[in-house]
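Residue strings, one per chain:
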Amino acid sequence: MCIARVGRVAQVSDGRARVDFFDGRSLGEVDVTMVKAEPGSYVEVFGNLALSKLSVSEARVRKKAWEEVTAKGGRY
Amino acid sequence: MTRKGILFHAKHAFMPNTLGYCGPDERGLIKEGLEDGIPGDSVVRTLERFEAAYPFLKLIARNTGRQVFDYEVPEAYWIGNSLLDRIPPPDFYSFSHRELQGKDHAKVRDLFRELDGKATPHHSFYVMSTYAASSEADGANVDNESEKKIGTLIDNCRISWGNVVDVGREELKVSYRPLELSGRTLALAEPRLKKVRYNPLVKPFGSVRRGAVVSLHWGYACDVLNRAQELNIVKYTLYDLTQVNQYLAARK
C-alpha cells in the first residue's frame, strides 16, 4: 500500500521534483504538476503524485505526528 | 501467526514496497520469501515495519480476536471480508488519530463526522479517503488532466481485480474495470484489457489459467482469488466508493 507522506521539495524541473521525505533515504522523484511547488515547499505526496502543498506550520504538525507514531511503534 | 496469512499479506504489500511507497527497503527479502513459499522471521519483521498496512492489521486483529497474520486478517484488509463489519467505528476513529502516521487530525475528524460510522478499515477506503482529504488542502488544480492522473494513482494504489484472458511468461492480460475520477466523483469504468506483471515462481501463479480472477496492485498480479474473495472485493470496493463519493459531494 502507499501512504500519504509529507516531504520538502529540493529541486523542481519540468513538473518533476526531488523530494526529501526525512526518512534517511535518497530523495524521491515526484510529479508536482498539480501544485505550485518550488524548492523549500512542503508537499503531501501520495504514491508519486503531489496532491497538495502544505504551509510550514501544517507540515510541522504532520511531521511531528509522524515522528511520534514511529517512535511509539519503534519503526525506523 | 500463519504462513498462509503472511504470504497473502506479503503478496499484496510487495509491489508498493518495490516502488518505494511503503515499508523498509527490503524488496529482495520479500520476493525471496514469496518465491520460497516459506517466509522467515526476517520477512515477518519487514512486514511489521510497514507504516500503514501493519497498524491496520493490528486494528482488525485486536477487534476480532485474531492474530495479526491469521489469514482472514490481511484478507479483510486487502480484499474485504466480514471481519471488517466487526470493527467498532469509535475504535477505527481513534486508531486513525493515534496510530496512523502523519494523518491530519482535523481531516480525520471531518471524514468520520461526514460518514457517520460508515468508514471501514479496508485498504481501498484508506486509498480513496486519503485522496479525498488531501485534495482539499491546496485546492489541487483539478482539471481534466489532473483528474486523469489522480484517477490512475488511486486505481493503481487500490487493490483491483481482473479476469485473466491470456497468460504469458511473466505477463497476464486481464479484463478489469479501472477506477476513474470525473467531476470529483470516483467510479468504476467499463471493463477494458490491461497487461499486468506476475511472478511465475510465486504459487499459484505457475499454474494460472485463463478465466482465473486475480487481485492487482500497481500493475502486478498479487494472488488468485476464490469466488468468495471475488464477491467480497467487489462488495467492499463499491461500499468504499459510495462512502468516499458522499464525502467528496459534501465538499463540492
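Procedures and definitions
Residues numbered from 1 in each chain as written. Chains lettered and ligands numbered in written order. Predicted model: local features only at pLDDT ≥ 70, side-chain atom pairs only at ≥ 80, totals over all residues. Helix = DSSP H or I, 4+ residues; strand = E, 2+ residues; numbered from the N terminus. Rg over C-alpha atoms; globule rule 2.2 N^0.38 Å. Buried ≥ 20, exposed ≤ 12 C-beta atoms within 10 Å, placed from the backbone. Contact = placed C-beta atoms within 7 Å. Pairing = 2+ DSSP bridges. Core = buried A, V, L, I, M, F, W, Y, C linked by C-beta atoms within 7 Å. Domains from an automatic or database assignment. Arc of directions from axis to C-beta.

> Just give me the short version of the overall build of chain B, but keep the residues and values in it.
Helix and strand content of chain B: 10 helices and seven strands. Relative to a compact globule of 252 residues, whose C-alpha radius of gyration would be 18 Å, chain B shows 18 Å and is just as compact. Taking the principal axes of the C-alpha coordinates as reference, chain B spans close to 45 × 40 × 35 Å. Burial statistics for chain B: of 252 residues in total, 48% are counted as buried. When contacts within chain B are restricted to residue pairs at least 6 apart in sequence, those whose partners lie at least 24 apart make up 63%.

> Could you give an account of the environment of Arg66 of chain B, naming the residues involved and the relevant values?
Residue and element names in this part refer to chain B. Along the chain, Arg66 turns up in the loop between helix 4 (53–64) and helix 5 (72–78). Residue Arg66 is classed as partly exposed on the basis of its 17 C-beta neighbours within 10 Å. If near-sequence neighbours (up to four positions away) are discounted, Arg66 is found in contact with Ala61, Glu72 and Val73.

> I'd love a proper account of the pairing of strand 1 (residues 4–13) of chain A, names of residues and values included.
Residues and elements named next belong to chain A. Of the pairings in the sheet, the one linking strand 1 to strand 4 (residues 42–46) comprises five bridges and is antiparallel in character. Within strand 4, the position partnered with Arg8 by the bridge is Tyr42. Inspection of the sheet shows strand 1 paired to strand 2 (residues 16–20) by five bridges, in the antiparallel sense. Among the inter-strand pairings, Val12 is bridged to a residue of strand 2, identified as Ala17.

> So what's going on with the nonpolar core? Residues and values would help.
Grouped together as the largest cluster of nonpolar side chains are 94 residues, with contacts concentrated most on Val43 and Ala50 of chain A together with Ile60 and Ile154 of chain B. For this core, the two domains that each supply at least three residues are domain 1 (3–137) and domain 2 (159–225 + 236–250) of chain B. Among all residues touching Ile154 of chain B, those that are not within four sequence positions of it are Val127, Met128, Tyr131, Leu179, Leu181 and Leu186 of chain B.

> Run through the domain arrangement of chain B, naming residues and quoting values.
By a widespread convention, an interface's size corresponds to the accessible area lost as its parts come together. Residue and element names in this part refer to chain B. Along its sequence, chain B is carved into domain 1 (3–137) and domain 2 (159–225 + 236–250). The C-alpha centroid of domain 2 is placed 18 Å from the C-alpha centroid of domain 1. Element by element, the count of residues in the side of domain 1 that touches domain 2 is highest for helix 8 (residues 123–137), at six residues.

> Lay out helix 2 (residues 27–36) of chain B with the relevant residues and their values.
All names here are of chain B. Among all positions in helix 2, only Ile30, Gly33 and Leu34 are buried. Buried residues of helix 2 fall within an arc of 100° about the axis and therefore sit on the same side. Elements that come into contact with the buried residues of helix 2 comprise helix 1 (3–18) and helix 3 (41–47). In the segment just after helix 2, Gly37 is the residue with positive phi, at about 80°.

> Which residues make up the environment of Phe14 of chain B, and what values do they have?
Residues and elements named next belong to chain B. Inspection of the secondary structure assignment puts Phe14 in helix 1. By C-beta crowding, Phe14 is classed as buried, having 22 other C-beta atoms within 10 Å. Expressed as a C-alpha distance, the spacing of Phe14 and Tyr198, which sit 184 residues apart in the sequence, is 11 Å. When sequence neighbours within four positions are dropped, the list of residues in contact with Phe14 reads Ile30, Lys31 and Leu34.

> Let's hear about the pairing of strand 4 of chain A: which residues, and what values?
Residues and elements named next belong to chain A. Counting buried positions along strand 4 yields five of five residues, so the element is predominantly enclosed. The two faces of strand 4 match: Tyr42, Glu44 and Phe46 on one face and Val43 and Val45 on the other face are all buried. Sheet analysis places strand 4 next to strand 5 (residues 49–54), joined by five bridges and oriented antiparallel. Counted as the bridge partner of Phe46 is Leu49 from strand 5. Hairpin remark: strand 4 followed by strand 5, antiparallel, with two residues in the connecting loop; positive phi at Gly47, about 65°.

> Break down unusual backbone geometry for me, with residues and values.
Along the chain, Lys203 of chain B connects to Pro204 of chain B via a cis peptide bond; the corresponding omega equals 5°. Its place among the elements puts Pro204 of chain B in the loop between strand 5 (192–197) and strand 6 (213–217). Backbone geometry at Asp14 of chain A places phi at a positive 50°, although glycine is not the residue there. Its location among the elements puts Asp14 of chain A in the loop between strand 1 and strand 2. Of note, Trp218 of chain B is a non-glycine position whose phi angle comes to about 55°, a positive value. With respect to the helices, strands and loops of the structure, Trp218 of chain B is situated in the loop between strand 6 and strand 7 (220–225).

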